[in-house]
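This is what each chain is made of:
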Amino acid sequence: MSEKGTGPLAGMRVLDCSTEIAGPYAAKLLVEGGAEVVKVEPPGGDPLRAWTASGQRLPEGESGALFQFLNASKRSIVLDVEEPAGRDELLELAARADLVIESLPPATARRLTLELATFTARNPATSLLSITPWGRSGPYADRPATEFTLQAAVGSTAFRGLPDRGPVAAGGRIGEWVAGTYAGLGALGAYLSARQTGRGRHIDVSIFECLVLAMTVYHDLQSQWVDGPLRQAVEIPSIEPAKDGWVGFCTITGQQWMDFCNMIGQPEVAEDERFLDATLRLEHLDFMQRIIHSWTRERELAEIIEVASGMRIPVAPVGDGRTLPEMDQLKERGVYRRAPGGFLQPRAPFIFTRTPERPLREAPALDADAEAIRAELLATPAGSAESAGGPGQPLAGVRVLDLTTFWAGPVATNHLANLGAEVLKVESIQRPDGMRFAGAAKRESMWEWSPVFAGANVGKLGITLRLDDPEGLDLVKRLVADSDVVIENFSPRVVENFGLGWEVVQALNPRAIMVRMPAFGLDGPWRDRTGFAMTIEQVSGLAWMTGYPDLPMVVRGTCDPVGGMHAVFATLLALEERKDSGQGQLVEVPLLEAALNIGAELVIEHSAYGVLLSRDSNRGPYAAPQGVYRCAGDSGHLALAVADDAQWRALREALGDPSWARDPALADAAGRRDRHDEIDAELGVWCEGREAEAAETRLSEAGVPAQRLINGHALSPHPQLEARGFFDVLEHPFTGSTRYPGWPLGPEAFADAPPRRPPPTLGQHSEEILRDRLGLSNEAIEKLRADGIIGTRPSFM
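Worth saying up front: this structure is predicted, and the values here are computed from it rather than measured.

A. Expanded view of the overall build of the chain. A tally of regular secondary structure across the chain gives 32 helices and 25 strands. Viewed in the frame of its principal axes, the chain has a C-alpha envelope of about 80 × 65 × 50 Å. Counting all 797 residues of the chain, 63% fall into the buried class. In the chain, 76% of the contacts between residues at least 6 apart in sequence involve partners at least 24 apart. Surface exposure of the chain reaches about 28,500 Å², of which carbon and sulfur atoms provide 49%. For the chain, the centre of its 78 positive side-chain charges and the centre of its 108 negative side-chain charges are spaced 2 Å apart.

B. The packing of aromatic side chains, seen in detail. Enumeration according to the criterion identifies 17 aromatic pairs in this entry. Judged by centre distance (6.2 Å) and plane angle (25°), the rings of Trp257 and Phe260 are stacked. In this pair, Trp257 and Phe260 are both assigned in helix 10 (residues 254-263), three residues apart and thus about one turn of the helix distant. Just as Trp257 is buried, Phe260 falls in that class too. With a centroid separation of 6.3 Å and 65° between ring planes, the pair formed by Trp648 and Trp660 is classed as edge-to-face.

C. Quick look at the side chain of Asn618. Inspection of the secondary structure assignment puts Asn618 in the loop between helix 25 (601-609) and strand 21 (626-630). A polar contact of 3.1 Å, which involves the side chain of Asn618, links it to the backbone oxygen of Pro167. Contacts of Asn618, omitting those with residues within four sequence positions, involve Phe148, Pro167, Val168, Ala169, Gln626, Gly627 and Val628.

D. Up close: the nonpolar core. Formed by 148 residues in total, the largest nonpolar core has its most connected members in Leu30, Leu66, Leu129, Leu188, Phe208, Phe350 and Val515. With twelve residues, helix 7 (residues 174-197) is the single largest residue contributor to this core. Counting residues in hydrophobic clusters, the runner-up holds 33 residues, among them Val494, Leu522, Leu774 and Ile781.

E. Inspection of the sheet that holds strand 8 (residues 245-249) at higher detail. The three strands are arranged 7-8-9 in an open sheet whose pairing can be described as antiparallel. Each edge of the open sheet carries a strand with a single partner, namely strand 7 (239-242) and strand 9 (315-317). Neighbour-to-neighbour, the strand axes of the sheet open up by a mean angle of 30°, direction not taken into account. By the bridge criterion, four bridges tie strand 7 to strand 8 in an arrangement that is antiparallel.

F. Geometry of empty space enclosed by the protein. Inspection of the entire model under this criterion finds seven cavities of 30 Å³ or more. Roughly 110 Å³ of volume is contained in the largest cavity. In this structure, the largest cavity is lined by Gly171, Gly172, Ile174, Trp177, Gly541, Leu542, Met545, Ile598, Gly599, Glu601, Leu602 and Leu613. Counting only elements with at least two residues in the lining of the largest cavity, the list comes to helix 7 and helix 25. Broken down by class, the residue content of the lining of the largest cavity amounts to seven nonpolar, four polar and one charged. A volume near 80 Å³ is recorded for the second largest cavity. Together, 13 residues line the second largest cavity, and Leu213, Tyr218, Val411, Asn414 and His415 are the ones closest to its centre. Sort the elements by how many residues they give to the lining of the second largest cavity and helix 17 (residues 408-418) lands first, with four residues.

G. Quick peek at helix 16 (residues 370-379). For helix 16, the set of buried residues is Ala370, Ile373, Glu376 and Leu377. The buried residues of helix 16 all sit within an arc of 130° when viewed along its axis, so they share a single face. Exposed residues pointing more than 90 degrees away from the buried face of helix 16 are listed as Glu371, Leu378 and Ala379. On its buried face, helix 16 sits against strand 2 (36-41), strand 3 (75-78) and helix 3 (84-94).

H. Representation of unusual backbone geometry. Residue Pro625 is reached from Ala624 by a cis peptide bond, and omega for that bond is 0°. Structurally, the position occupied by Pro625 is in the loop between helix 25 and strand 21. Of note, the bond from Ser716 into Pro717 is cis; its omega dihedral lies within 30 degrees of zero at 0°. Positive phi outside glycine occurs at Arg173, with the angle close to 50°.

I. Looking closely at the pairing of strand 3. Relative to strand 3, strand 2 is paired through four bridges, and the arrangement is parallel. Within the sheet, the bridge partner assigned to Val38 lies in strand 3 and is Arg75. Running through helix 2 (residues 65-71), the crossover from strand 2 to the neighbouring parallel element strand 3 is right-handed.

J. Spatial organisation of the pattern of salt bridges. Scanning the model with the defined rule gives 62 salt bridges in all. The shortest N-O distance in the salt bridge between Arg708 and Glu696 comes to 3.7 Å. Of this pair, Arg708 sits in strand 23 (residues 706-708) while Glu696 sits in helix 29 (residues 692-702), placing them twelve residues apart in sequence. Three or more residues joined by partner-sharing salt bridges are found here, namely Arg333, Arg347, Asp523, Glu588 and Glu593.

K. Summary view of the packing of helix 31 (residues 766-773) against helix 32 (residues 778-786). Following both chains from N to C, one finds helix 31 and helix 32 inclined at 140°, their axes separated by 10 Å at the closest point. For the element pair helix 31 / helix 32, the angle class is oblique. Viewed along their axes, helix 31 and helix 32 form a crossing whose handedness is right-handed. Note on element contacts: helix 32 touches helix 31 through Asn778, Ile781, Glu782, Leu784 and Arg785, opposite Glu767, Leu770 and Arg771. Taken together, the residues of the contact of helix 31 with helix 32 sort by class into three nonpolar, one polar and four charged.

L. Inspection of the sheet that holds strand 23 at higher detail. Spatial strand order, 21-22-23: three strands in an open sheet with antiparallel pairing. Edge positions in the sheet fall to strand 21 and strand 23, since each has one partner strand and no second. Recorded for the sheet is a direction-independent mean angle of 20° between the axes of neighbouring strands. With five bridges joining them, strand 21 and strand 22 (residues 637-641) adopt antiparallel strand pairing. Note that in strand 22 the partner of Gly627 across the bridge is Leu640. In the packing of helix 6 (residues 147-154) onto the sheet, contacts are made with strand 21, strand 22 and strand 23, and the angle to strand 22 comes to roughly 160°. Packing of helix 29 onto the sheet brings it into contact with strand 22 and strand 23, and relative to strand 23 it is tilted by some 165°.

M. Molecular detail of the pairing of strand 5 (residues 127-132). By the criterion of burial, strand 5 is predominantly enclosed, with six of the six residues buried. For strand 4 (residues 99-102) and strand 5, the ladder comprises four bridges, and the chain directions are parallel. From the neighbouring strand, Glu102 faces strand 5, where its bridge partner is Ser130. Relative to strand 6 (residues 202-206), strand 5 is paired through five bridges, and the arrangement is parallel. Paired with Leu129 across the strands is Ile203, a residue of strand 6.

N. How the structure looks around the environment of Gly547. Examined against the element boundaries, Gly547 turns out to sit in strand 18 (residues 547-548). The spatial distance from the C-alpha of Gly547 to the C-alpha of Leu162 is 9.6 Å, given a sequence separation of 385 residues. In contact with Gly547, other than residues within four places in its own chain, are Val168, Met553, Arg615, Asp616 and Ser617.

O. Structural context of the environment of Asp474. Tracing the sequence through the fold places Asp474 in helix 19 (residues 470-481). Judged by relative accessible area, Asp474 falls into the partly exposed class, the value being 42%. Taking C-alpha positions, Asp474 is 23 Å from Gly409, a pair spaced 65 residues apart along the chain.

Conventions we followed
Residues numbered from 1 in each chain as written. Predicted model: local features only at pLDDT ≥ 70, side-chain atom pairs only at ≥ 80, totals over all residues. Heavy atoms only, no water. Helix = DSSP H or I, 4+ residues; strand = E, 2+ residues; numbered from the N terminus. Buried < 20%, exposed > 50% of the residue type's maximum accessible area, 1.4 Å probe, protein only. Contact = heavy atoms within 4.5 Å. Areas by Shrake-Rupley, 256 points an atom, 1.4 Å probe, with all protein chains shown as cover. Lys, Arg positive; Asp, Glu negative; His and termini not counted. Charge placed at Lys NZ, Arg CZ, Asp CG, Glu CD. Phe/Tyr/Trp six-rings, centres within 6.5 Å; stacked < 30°, edge-to-face > 60°. Polar contact = N/O pair within 3.5 Å; in protein donor to acceptor, adjacent residues only side chain to side chain. Core = buried A, V, L, I, M, F, W, Y, C linked by side-chain atoms within 4.5 Å. Pairing = 2+ DSSP bridges. Axes fitted to C-alpha atoms, helices over the stretch in contact; angles between N-to-C directions. 1 Å grid on protein atoms, 1.4 Å probe; cavity = no way out; pocket = protein on both sides within 12 Å on 5 of 7 lines; lining within 4 Å. Points joined across faces, edges and corners; volume = space filled by probe spheres on them. Nonpolar A, V, L, I, M, F, W, Y, C, P; charged D, E, K, R; others polar. Arc of directions from axis to C-beta. Right-handed = clockwise from strand over helix to strand, strands pointing away. Salt bridge = Lys/Arg side-chain N within 4 Å of Asp/Glu carboxyl O. Parallel < 35°, antiparallel > 145°, perpendicular 65-115°, else oblique. Left-handed = near helix turned anticlockwise from the far one by under 90°.

Purely geometric numbers; function is a separate question.
Here it is, written out as structure tokens:
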């Protein structure tokens, strides 16, 4: 395993034994960082080689474009791990690797004893990354599932859709991409930890847990403070019809909603305090659509976007596989590149000032590199058993100055804290983090009762400093000089107007890494536009793939944690580069470009095959049948997906093998897809005669991925999450004993980490930081408080 790459991870050796999307995307991120990746494939190859979402018939020996995108610059060898010789050869390769990635069913991995101990017996520093639907441990480990049914399991599906048209899942196999993003971060953390300690780690990624974090809006936290279930809903406004296409809006704050109403000529609606509550707008859906559409349908996209942007209302065109490469922002920034295979693909979603982009080679043909890999195996000694004796947390001793707000930035710094960094969150009493108020429970000191703020800010210290005051800004600059990482996610002009742009940070601290997370990028015609997660979903194509055939819908928030995890990954790469150069650098991670990577299939499919992918409610190209079916009485709905012919046979048996299901034309996926309407009708009748929980149990026990739709407020208690220790119960000064979500990386990932701290109250640690880190006297601190530069209560409350 030679062929050393270039970049911060040059010298990292990875065996990618995974298939489909999640594991290969994690390995792709490592490739972007410079790692050498050998793709170990089963006889016949990764099934994704034969995949196209539009069902193209590929020429003999040609791999699908999505496979090529995910596996560029890797090398391929075929090993049959079911045979003793193949398993032994895998273990020999693993003894010379830093990381093994696998996505086998847990029962198969147990039968083959492909456990961490098996690998570390030959090389104590080898880490194992497992990616499975539920995680390798826990009572649900062997339960059948697809990404579609897992969306139902976390409460995402039940929360999306028009009340009279039924719930709808997010499209595009998005959960697999989300899991791949978390897995890539976990893999890099394990590698860095093993290099410090000499001990490999087991990163046990649960796709289910990834979706709890990325496809609910901290609903479990909210359920602890707000009574009652969540309601199936759509945002108002959201994706609306214009003269020449679809336009996406997002009104997170009350001010944005009022500005939107004034924009469409409805000032009296802006003044109606009832409609500041987004849930009440849905109760007046017909009225809202009438006043919104009467304005949007009369205008073209360009006019709408110009007017809304001028009023700082988040707005975007709704992108698809055809229009995305032609958008002026993406063209000017050179986001889409011609792949070695000839199709268009997005570049890596992080840009460095010091670290050059790694040129990519074409994806390997099946088993193309076996001879060379075997020759290298004989020439490369196995890994050393020496222990480095360093800290287990890869970022122990790293200081992070957190200037972020809302969700994407704070969740990034939350995970930097999980990796061991000391994170100091900076707010001001004049402008606290806006997420303290969005969705906050209506309590005294409501700014301490926001579920998203609470979930995304665990593990941090908190300080208030007024940045538009010279004395407050000077103190922030002193903190910059004492930090390893400075991270922000404002619109580009904001930190520059404060006087904290990259040139200032670099002059204050040449070793500092500055991570900037703008919505659309630091340059280009959209540079100064406002954008939230839903805006990014609208423009990136993720919304195009979600919803009813006649109405695209937002996924709801996924782009924030996905963007945040890409930012953490890029930060780790920059810290690695600094170990060699001794210098800091600017790291740019636009939210849009992270979303374009996890939604890459849209543009890839259109540019490779000329097919414009779109949404089809709950149906999709991966499984047939796939849908959501109403069950008896008020017991709810059931999500069901048949991903292969074996599961179809299991479904037939569970249904009692009715005559309609015995039709030979339904024996393969193509036949089932052609007659999806008929199958849906029969499954609908079957489900209507059964309680949702009973139907789920019967089908799951038969080996069919099936899951009743849960309400996000009813996620806990959950036996799988409890068995894996997913939640931390921490004591908060205002909310008391509170259950916070943790990692989706398994109970053994970083088990030696110290206990986490609850999210900081506003300005909670100001005195401690000012006195102990910056050396201010008690008198000076009291003067700052009197002058409104620090404090613990919003100045406007």
